[in-house]
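Structural features, examined
One-letter residues, chain by chain:
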Amino acid sequence: LEHPNNKMFVSISGGKDSDVMKYVVDNAINELNDEGYDFKYNLIAFNTSNDTADTYKYLKQHHGMNKDNIISPKKGFYKWLVEDKNYFTPTRFVRNCCSTYKEGQLSSIMDKDENTLTFLGMRSQESNKRSFYDWDLNEAWKKEKGKPNVPDNWLRFLPIVKWSDAEVWLFIIHNKLGYNKMYDYGFGRIGCAVCPFSQDYVDMLIKEHYPKIHSRWMDILSKGYDIYGVEKRLKWTREEWCEGGRWKNATSKEYELTTKSPTEERVKEL
């Protein structure tokens, strides 16, 4: 009601949080429109080209989305890694994949001079990085970082920012909402299939349920292993680097051994 002339967006990902957020926003808008208002929004999702087929299928079948509102990048994630990054894969400490394939895609649908109002399903309990998030995301950024990471006229609000994971699931069950079947496989979050921040059990689930994605990623890691001389520089075997997930930190074997307690086995290995 405070921003009636702003172009409105609801951004979803195929995960449970954005599903619940959309349900809450839909109910609010329906109530207002029943009172005589005429609010409409643009439903959008960003195709990172690093999601599973089940996520794209869910967006299309459950939310009725198509190529017009699933925003795709000009160059896919894997092609970008090969052609632009020469197999230099992202790590927890050095990466620009999120800024390229998530935040970076906003400019493809929003004009920097356009007044917009976007609803997102992010929650402050998701990670330490998001712990300062609040209902008004831009204001939260100003308090924590000094200025928001988008233009001031791109307003962003998080309806379920303070909800816990349990509250989200209880809301889904209570309202009999649908959800991405990846949760039935054991995934705790829905997002990029390959990520340096993913836990080992997530990598195991990808290998089990999405073998083509896993195989493609192992091939990229293996080629990068050779190109950047990982065996000589960092002392990891190909198995440790690729299947063992040491690519995520990309620190040396000596560093890992000397930052852990000095057991007899580790001292011998060092």
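A quick note: this is a predicted structure, and the numbers were derived from the prediction, not measured.

1. Considering the overall build of the protein chain
Counting its regular elements, the protein chain contains 13 helices and five strands. Dimensions of the protein chain along its principal axes, counting C-alpha atoms only, are 75 × 40 × 35 Å. Buried positions account for 42% of the 270 residues belonging to the protein chain. Relative to all contacts within the protein chain whose residues are 6 or more apart in sequence, the contacts with residues 24 or more apart total 64%. As displayed, the protein chain offers around 15800 Å² of accessible surface, 50% of which is attributable to carbon and sulfur atoms. Of the charged side chains in the protein chain, 41 are positive and 40 negative; the average position of the first set lies 5 Å away from that of the second.

2. Side note on the sheet that holds strand β1 (residues 7-11)
Taking strand neighbours across the sheet as the criterion, the five strands line up as β3-β2-β1-β4-β5 in an open arrangement whose pairing is parallel. Of all the strands in the sheet, just β3 (70-71) and β5 (154-157) have a single pairing partner and so form its edges. Relative to strand β4 (residues 116-119), β1 runs parallel, the two being bridged by four bridges. From the neighbouring strand, Lys7 faces β4, where its bridge partner is Thr116. Against the sheet, helix α1 (residues 16-34) contacts β1, β2 (42-46) and β4, and its axis sits at roughly 145 degrees relative to β1.

3. Brief notes about the packing of aromatic side chains
Applying the stated criterion across every chain, the model contains 17 aromatic pairs. When the centroid spacing of 5.5 Å and the interplanar angle of 80 degrees are considered together, the rings of Phe88 and Tyr228 count as edge-to-face. Highlighted residues: Phe88 in the loop between α3 (77-83) and α4 (97-101) and Tyr228 in the loop between α9 (211-227) and α10 (230-234), separated in sequence by 140 residues. A relative accessible area of 26% places Tyr228 in the partly exposed class. Ring centres of Trp169 and Tyr183 lie 5.1 Å apart, and the angle between their planes is 90 degrees; this geometry places the pair in the edge-to-face category.

4. Quick look at a positive patch on the surface
Together, Arg95, Lys102, Lys129 and Lys145 line one region of the surface with positive charge. Secondary-structure assignment places Lys129 in the loop between β4 and α5 (137-145).

5. Thoughts on the packing of α1 against helix α6 (residues 165-174)
One way to put it is that α1 packs onto α6 with a least axis distance of 10 Å and a crossing angle of 60 degrees. Here α1 is positioned oblique relative to α6, judged by the angle of their axes. In the packing of α1 onto α6, the handedness of the crossing is left-handed. When α1 is examined against α6, the residues Lys16, Asp17, Val20, Tyr23 and Val24 are found in contact with a partner set consisting of Asp165, Val168, Trp169, Phe171 and Ile172. Partitioned by chemical class, the residues of the contact of α1 with α6 number seven nonpolar, no polar and three charged.

What counts, and at which threshold
- Residues numbered from 1 in each chain as written.
- Predicted model: local features only at pLDDT ≥ 70, side-chain atom pairs only at ≥ 80, totals over all residues.
- Heavy atoms only, no water.
- Helix = DSSP H or I, 4+ residues; strand = E, 2+ residues; numbered from the N terminus.
- Buried < 20%, exposed > 50% of the residue type's maximum accessible area, 1.4 Å probe, protein only.
- Contact = heavy atoms within 4.5 Å.
- Areas by Shrake-Rupley, 256 points an atom, 1.4 Å probe, with all protein chains shown as cover.
- Lys, Arg positive; Asp, Glu negative; His and termini not counted.
- Charge placed at Lys NZ, Arg CZ, Asp CG, Glu CD.
- Pairing = 2+ DSSP bridges.
- Axes fitted to C-alpha atoms, helices over the stretch in contact; angles between N-to-C directions.
- Phe/Tyr/Trp six-rings, centres within 6.5 Å; stacked < 30°, edge-to-face > 60°.
- Patch = residues over 30% accessible without salt bridge, like charges linked within 9 Å, V, L, I, M, F, W, Y side chains within 5 Å.
- Salt bridge = Lys/Arg side-chain N within 4 Å of Asp/Glu carboxyl O.
- Parallel < 35°, antiparallel > 145°, perpendicular 65-115°, else oblique.
- Left-handed = near helix turned anticlockwise from the far one by under 90°.
- Nonpolar A, V, L, I, M, F, W, Y, C, P; charged D, E, K, R; others polar.

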